[in-house]
Amino acid sequence: MKTLFFSVCLFLASVSATAQQRYSQEMAQSQGKQWTHGKSWDYVNGLVAKSLLNLCEQYQYADWTGNYYQWAKEYADNAINPDGTFKNFKKGNIDNINSGKVLFALYKREKELDKQNGTDNASRYKKAADFLHDYLVNDYSRIQSGDAKGCFFHKDIYPDQMWLDGLYMGAAFYAEWQANFEPDNEQAWTDIAHQFKTIARHTYDKDKQLYYHAWSANPEDSNSFWANKTEPYKGCSKEFWGRGMGWYFAALVDVLEVMPKTHADYKELVTITNTVAKGLKRWQDKTSGVWYQLLQYDNSYVGECGIANYLESSASSMFTYAYLKGVRLGILPKSYEKVAEKAYQGLLKTFVTSNNDGTINLNQSCRSAGLGPAKDPSRDGSASYYLCGKDVTIVSNEGKAIGPFIMASLEYELKK
């Protein structure tokens with residue numbers, strides 16, 4: 001009788017979940033493999049792999065031995081030896097920490113299989129996660145002076161610089177490791193919160209209600225040639241880049257999901273998250289419901305190369321994910337559900353197209369953007385750079401958009 005009841009429950013859950021079009025699985029099936037299968041240990045590939053594992057966790061009745069889990073597992077196994085050591089981990093770059101987020105779900109699932117089968121496959125993922133944590137916390141470069149002392153460099157080639165991107169790459173992994181293995185380490189949570197509080201203090205423009213892409217604690221350094229040299233906003237870059245704020249917003253809700261609510265810094269991070277949400281609501285495009293590449297302009301702004309500012313899918317997906325998750329967790333008030341609903345429908349209408357074979361695409365993403373270093377003066381952080389830079393091209397099916405779109409879709413599907 002119990003078996004029959006369980007089977008009926010699974011059937012009903014499946015019928016309910018498939019009653020609506022499930023874009024999380026459609027996008028995963030369409031684009032997930034190309035960003036994970038046989039790919040190197042890179043933050044973009046890891047972002048997509050993490051979204052596939054989130055999909056597996058959300059739809060528990062699905063076959064865990066199916067494609068999505070296997071693609072993510074093979075991605076990790078391609079980079080990690082059976083003893084948990086990395087085959088070719090590149091130090092000095094906080095981006096390379098981000099992929100470590102896949103290790104927690106793999107460890108949890110493989111540990112369950114080890115119990116059933118009498119094997120020991122899970123330990124490799126725990127050892128790899130420990131390596132990344134220990135490297136980040138104990139050996140990774142940090143700012144050594146001022147109120148930012150102890151904050152992580154974005155990369156070694158960008159000394160004394162913090163970028164909004166880096167909070168998603170490093171601090172969010174740090175928080176997930178703590179939650180899984182040392183949740184009561186108060187000092188570690190203080191260290192994590194310090195990263196968010198510092199960059200918020202230095203990059204927030206209260207008039208625009210947005211955060212500058214990056215900040216340098218040493219704006220006179222040649223690698224920080226893009227930074228403001230005088231107040232206000234000394235050390236800040238010049239523009240508000242959509243995906244930069246997307247990384248930051250997503251990192252905040254991910255960290256707050258696992259951070260102890262009793263910690264002294266918890267409420268301040270909630271306040272910062274609400275400040276981000278309020279500002280982004282102001283700059284949401286009223287017609288489409290999504291956001292522009294450069295947040296403070298519409299498409300009337302045209303770069304020196306003749307490319308106009310455009311609605312951008314990776315940032316819009318990240319914002320949608322963070323709004324939906326923030327409301328679900330009670331971090332953001334329910335009033336933001338309208339913002340999130342309009343944003344999600346905007347994602348589908350503005351960026352998603354179908355192919356003849358039944359697969360779908362996610363279009364209009366910024367491929368890349370950055371600041372410096374000194375040897376690359378073209379990456380100057382100007383508005384024209386974010387539209388015309390040689391590395392800033394508009395592409396389709398970019399992993400930095402695919403992963404967040406799947407995550408946003410999963411959050412949306414929880415509501416239905």
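Bear in mind that the values here come from a model prediction, so they are computed numbers and not experimental data. (Residues numbered from 1 in each chain as written. Predicted model: local features only at pLDDT ≥ 70, side-chain atom pairs only at ≥ 80, totals over all residues. Heavy atoms only, no water.)

Caption draft 1: Seen up close, the side chain of Gln-31. Mapped onto the elements of the fold, Gln-31 is located in helix 2 (residues 23-31). Looking at Gln-31, its side chain comes within polar contact range of the side chain of Asn-397, at 3.5 Å. Every residue in contact with Gln-31, bar those within four places of it in the chain, is listed here: Ile-360, Asn-361, Asn-397 and Ile-402. (Helix = DSSP H or I, 4+ residues; strand = E, 2+ residues; numbered from the N terminus. Polar contact = N/O pair within 3.5 Å; in protein donor to acceptor, adjacent residues only side chain to side chain. Contact = heavy atoms within 4.5 Å.)

Caption draft 2: Here's a closer look at helix 6 (residues 102-117). Taking 1.5 Å as the rise per residue, helix 6 with 16 residues should run 22 Å; its terminal C-alpha atoms sit 22 Å apart, in good agreement. Where helix 6 is concerned, the buried positions are Val-102, Leu-103, Phe-104, Ala-105, Leu-106, Tyr-107, Arg-109, Glu-110 and Asp-114. With its phi angle positive at about 70 degrees, Gly-118 sits one or two positions after the end of helix 6. (Expected span 1.5 Å × (residues − 1). Buried < 20%, exposed > 50% of the residue type's maximum accessible area, 1.4 Å probe, protein only.)

Caption draft 3: Expanded view of the pattern of salt bridges. Under the defined criterion, the tally for this structure stands at 18 salt bridges. Residues Lys-73 and Asp-77 are paired through a salt bridge, measuring 2.8 Å at the closest nitrogen-oxygen approach. Here Lys-73 pairs with Asp-77, and both are found in helix 4 (residues 67-77), just four residues apart, close to one helical turn. Asp-77 shares its class with Lys-73; the two are buried. The salt bridge partner of Lys-197 is Asp-265, with a shortest N-O separation of 2.9 Å. Separated by 68 residues along the polypeptide, Lys-197 in helix 9 (residues 186-203) and Asp-265 in the loop between helix 10 (242-258) and helix 11 (266-283) bring together distant segments of the chain. (Salt bridge = Lys/Arg side-chain N within 4 Å of Asp/Glu carboxyl O.)

Caption draft 4: Local environment of helix 11. Look at helix 11: 26 Å from first C-alpha to last across 18 residues, which is about the 26 Å you get at 1.5 Å a residue. Along its buried surface, helix 11 packs onto helix 9, strand 3 (210-211), helix 10 and helix 12 (313-329).

Caption draft 5: Structural detail: the state of the cysteines. What the rule picks out here adds up to one disulfide. The side chain of Cys-305 participates in a disulfide bridge whose partner is Cys-388; the two sulfur atoms lie 2.0 Å from each other. On the sign convention where negative means left-handed, the S-S torsion of about -75 degrees between Cys-305 and Cys-388 marks this disulfide as left-handed. Of this pair, Cys-305 sits in the loop between helix 11 and helix 12 while Cys-388 sits in helix 14 (residues 383-388), and the two are 83 residues apart along the sequence. What makes Cys-305 partly exposed here is its relative accessible area of 42%. Counting only cysteine sulfurs, Cys-151 is the nearest neighbor of Cys-236, a cysteine outside any disulfide, at a range of 14 Å. Cys-388 supplies the cysteine sulfur nearest to Cys-366, a cysteine that is in no disulfide, at a spacing of 12 Å. (Disulfide = S-S within 2.5 Å.)

Caption draft 6: Summary view of the packing of helix 2 against helix 15 (residues 399-415). For the pair helix 2 and helix 15, interaxial distance at closest approach is 8 Å and the crossing angle is 155 degrees. Compared by their axis directions, helix 2 and helix 15 come out roughly antiparallel. Between helix 2 and helix 15 the crossing geometry is left-handed. Facing helix 2, whose interface residues are Tyr-23, Ser-24, Met-27, Ala-28 and Gln-31, helix 15 presents Ile-402, Phe-405, Ile-406, Ser-409, Leu-410 and Glu-413. Considering only residue class, the contact of helix 2 with helix 15 consists of seven nonpolar, three polar and one charged. (Axes fitted to C-alpha atoms, helices over the stretch in contact; angles between N-to-C directions. Parallel < 35°, antiparallel > 145°, perpendicular 65-115°, else oblique. Left-handed = near helix turned anticlockwise from the far one by under 90°. Nonpolar A, V, L, I, M, F, W, Y, C, P; charged D, E, K, R; others polar.)

Caption draft 7: Region of the structure containing the side chain of Ser-51. Along the chain, the position of Ser-51 falls in helix 3 (residues 43-58). Among all residues touching Ser-51, those that are not within four sequence positions of it are Gly-403, Ile-406, Met-407 and Leu-410.

Caption draft 8: View of the nonpolar core. Grouped together as the largest cluster of nonpolar side chains are 124 residues, with contacts concentrated most on Trp-41, Phe-196, Tyr-248, Phe-249, Leu-280 and Tyr-323. Residues contacting Phe-249, with those up to four places away along its chain left out, are Thr-273, Val-276, Ala-277, Leu-280, Phe-319, Ala-322, Tyr-323 and Leu-332. One finds Trp-226, Ala-383, Tyr-386 and Leu-387 within the second-largest nonpolar core, a separate group that totals 16 residues. (Core = buried A, V, L, I, M, F, W, Y, C linked by side-chain atoms within 4.5 Å.)

Caption draft 9: Geometry of unusual backbone geometry. A cis amide bond links Glu-231 with the next residue in sequence, Pro-232, at an omega value of 0 degrees. Residue position: Pro-232 is located in the loop between strand 4 (214-216) and helix 10. Of the consecutive residues Gly-372 and Pro-373, the connecting peptide bond is found in the cis state with omega at 5 degrees. Along the chain, the position of Pro-373 falls in the loop between strand 7 (365-366) and helix 14. Backbone geometry places Gln-209, a non-glycine residue, at a positive phi of 60 degrees. Along the chain, the position of Gln-209 falls in the loop between strand 2 (204-205) and strand 3. The exposure class assigned to Gln-209 is buried, which follows from its relative accessible area of 16%.

Caption draft 10: Up close: the environment of Asp-130. Relative to the assigned elements, Asp-130 resides in helix 7 (residues 123-139). Take Asp-130: its relative accessible area is 18%, and that puts it in the buried class. Separated by 242 residues in the primary sequence, Asp-130 and Gly-372 have C-alpha atoms spaced 31 Å apart. For Asp-130, the residues in contact, after removing those within four places along its chain, are Trp-177 and Phe-181.

Caption draft 11: Highlighting the confidence of the model for the chain. Mean pLDDT for the chain: 94, with 94% of residues reaching 70 or above. Counting contacts from residues 1-19, a segment whose pLDDT is below 50, to residues more than four positions away or on other chains yields seven contacts. (pLDDT = per-residue confidence, 0-100.)

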